[in-house]
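# Secondary and tertiary structure notes
Given next are the chains, with one letter for each unit.
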Amino acid sequence: MRAPFNWDNDVVPKCEPRLVSVGDRFFSTNLGFYYEVISISRYDGNRRGATSLPSVPYLNNTLEDCHTDDVKINFVKSDLSSPPDSWWISWGPSGTVTKAHCTVLSESGPANLTLGVEYRGIGGHGYDYVINDNYTTHASVWWGTRLLNAYWHSVMTVMSQVTVPGGDRDVFFNHGRAHYYWTDHTAEKSIRDLDFFRLHFYFLGSNAKVINSNTFKDRPTDNLTALYNNASVPYSTVITEGLHFAKIMHSLISVDLGNSRLPNLLLDDDSLTYALLSPDDMNRRPGGLLYDNSTGFVEFYKATKIPAPDLLGRDDDLVFINQSYNAFRSRVGDLGTQNATILSQYLCSVPVQKSTWTMLIGVLMADIVFLQAAWKLLTMTAGSMASNQNPKAMFCQGCLRDEDGKAHSQKDKICGKDKTGKYELICKGKPHQQLEERQDEDSILTN
């Protein structure tokens, strides 16, 4: 039986789907980055390629097969300083654009969402680009945001010190891009490998010449892995540091979008230790810090230190990255993630089942109304039948009929009969007064 007659609490609300359109922005239910929908597509089994869609209906379905497509680091310099006087803040206007990909199931079938995420690390130890980085309930996000900011400043610091031999004087960079893109979206490849991402890049020098991926003529493969940790290539320091940053960005987005199947640096303690130390990075000694063999490395604290969990990002009581695991691990919650959906509000119709007493009273009142209606119908039917059989019969309550067939209301009273005893006397006023008046009249007539 269906509610409300089964008396069970199985009333289910019905919600209208939300229309997700190109250009929309949203958070996931893991409360991390702010995503923008760049494109929506659906693969047609009868056609090659994908069909672009302007929107797709969505009703709180789990985001599936989410992964990072690429990470673009856009380098923009704000002044004319040159190494060694230049430093990370000279590259403050720089930023990253990351694309991710998810599949959602809708009423019209599976659809592919391409999402965009923008990040700028000028905030130092500020982490408000995610909603929730609670170190007990969102531990992976807490570690990821701290590492992302630190390695962002590492990339900018290294970029500020790059020089390329250019004849009479060295050339430094004013603009550029390092593009790390992922083509193998499986769990088989190790995130620690140098070929985890493929690479394309270009840099604009102070001599107005461009150095790009094609400049390196001895590349063994298209992913340019030989450029990493290569002391003979002046800009190897930048793309090597950028590679580690891209891996952290990929890991953080995977956590936020709820994908725990792909390689990740933020979901187990061994990988987290690797992310903190970056042991295969030419810009630091194994287990060391950025430029830790430099006399001025203390100035790079934004790239080498992170704040304690309960300091809310303030620049006091900072701890070196290579010491942070031992210092904070016992105070931070468990690493992990959970399935994600698009955080949204839906227009729903929610039936409310009434209490047992309310239902009983309602049934009784309905029965009473039904019985009254049935009684009225019965009396009307019986009266009609009686009238048809005997025209002098009355079916209305309290009515009287005299011998002439004239009906009278219950308010009229029978005062008595005349002398012949044949006719009844009907009193319209007070019965006793009218009866006395009638008797007086009879006396007069008799006399």
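All values derive from a computational prediction rather than experimental measurement.

## A closer look at the packing of aromatic side chains
Summed over all chains, the structure comprises 20 aromatic pairs. Note on Tyr-119 and Trp-152: the rings are 5.7 Å apart at their centroids and 85° apart in plane angle, and the pair reads as edge-to-face. Note that Tyr-119 is positioned in strand 9 (residues 109–119) and Trp-152 in helix 1 (residues 139–160), a separation of 33 residues in sequence. The exposure class assigned to Tyr-119 is buried, which follows from its relative accessible area of 2%. Taken together, a centroid distance of 5.9 Å and an interplanar angle of 45° make the contact between Phe-203 and Tyr-235 tilted. With Phe-203 in strand 12 (residues 198–205) and Tyr-235 in the loop between strand 13 (210–212) and helix 2 (236–256), the pair connects residues that are 32 residues apart, well separated along the chain. Tyr-235 shares its class with Phe-203; the two are buried. A network of ring pairs unites the aromatic residues Phe-26, Phe-33, Tyr-35, Tyr-119, Tyr-129, Trp-152 and Phe-245 as a single cluster. The ring of Tyr-127 is capped by Arg-146, whose NZ or CZ atom sits 3.8 Å from the centre of that ring. Positioned over the ring face of Phe-320 is Lys-305, at 4.7 Å from the centre of the ring.

## What about the side chain of Lys-77?
Mapped onto the fold, Lys-77 is located in the loop between strand 7 (64–76) and strand 8 (95–106). Nearest to the buried, unbridged Lys-77 among oppositely charged side chains is Asp-79, at 4.4 Å. Once you skip the residues sitting within four places of it in the chain, Lys-77 turns out to touch Ser-82, Ser-86, Ser-90, Trp-91, Phe-172, Phe-173 and Asn-174.

## What to know about the environment of Ala-327
Looking at the secondary structure, you find Ala-327 in helix 5 (residues 321–328). Here Ala-327 falls in the partly exposed class, since its relative accessible area comes to 31%. For Ala-327 and Ala-308, which are 19 residues apart along the polypeptide, the C-alpha to C-alpha distance reads 8.5 Å.

## Structural notes on the confidence of the model for the protein chain
For the protein chain, the average pLDDT comes to 80, and 76% of its residues sit at 70 or higher. When mean pLDDT is compared element by element in the protein chain, helix 2 scores highest at 95, while helix 7 (residues 431–446) scores lowest at 46. This stretch, residues 428–438, has a pLDDT under 50; its non-local contacts, to residues over four places away or in other chains, come to eleven contacts. Within the model, the stretch residues 441–447 combines pLDDT values under 50 with two contacts to residues more than four positions away or in other chains.

Cut-offs used in this document
- Residues numbered from 1 in each chain as written.
- Predicted model: local features only at pLDDT ≥ 70, side-chain atom pairs only at ≥ 80, totals over all residues.
- Heavy atoms only, no water.
- Phe/Tyr/Trp six-rings, centres within 6.5 Å; stacked < 30°, edge-to-face > 60°.
- Helix = DSSP H or I, 4+ residues; strand = E, 2+ residues; numbered from the N terminus.
- Buried < 20%, exposed > 50% of the residue type's maximum accessible area, 1.4 Å probe, protein only.
- Lys NZ or Arg CZ within 6 Å of the ring centre and 35° of its normal.
- Lys, Arg positive; Asp, Glu negative; His and termini not counted.
- Salt bridge = Lys/Arg side-chain N within 4 Å of Asp/Glu carboxyl O.
- Contact = heavy atoms within 4.5 Å.
- pLDDT = per-residue confidence, 0-100.

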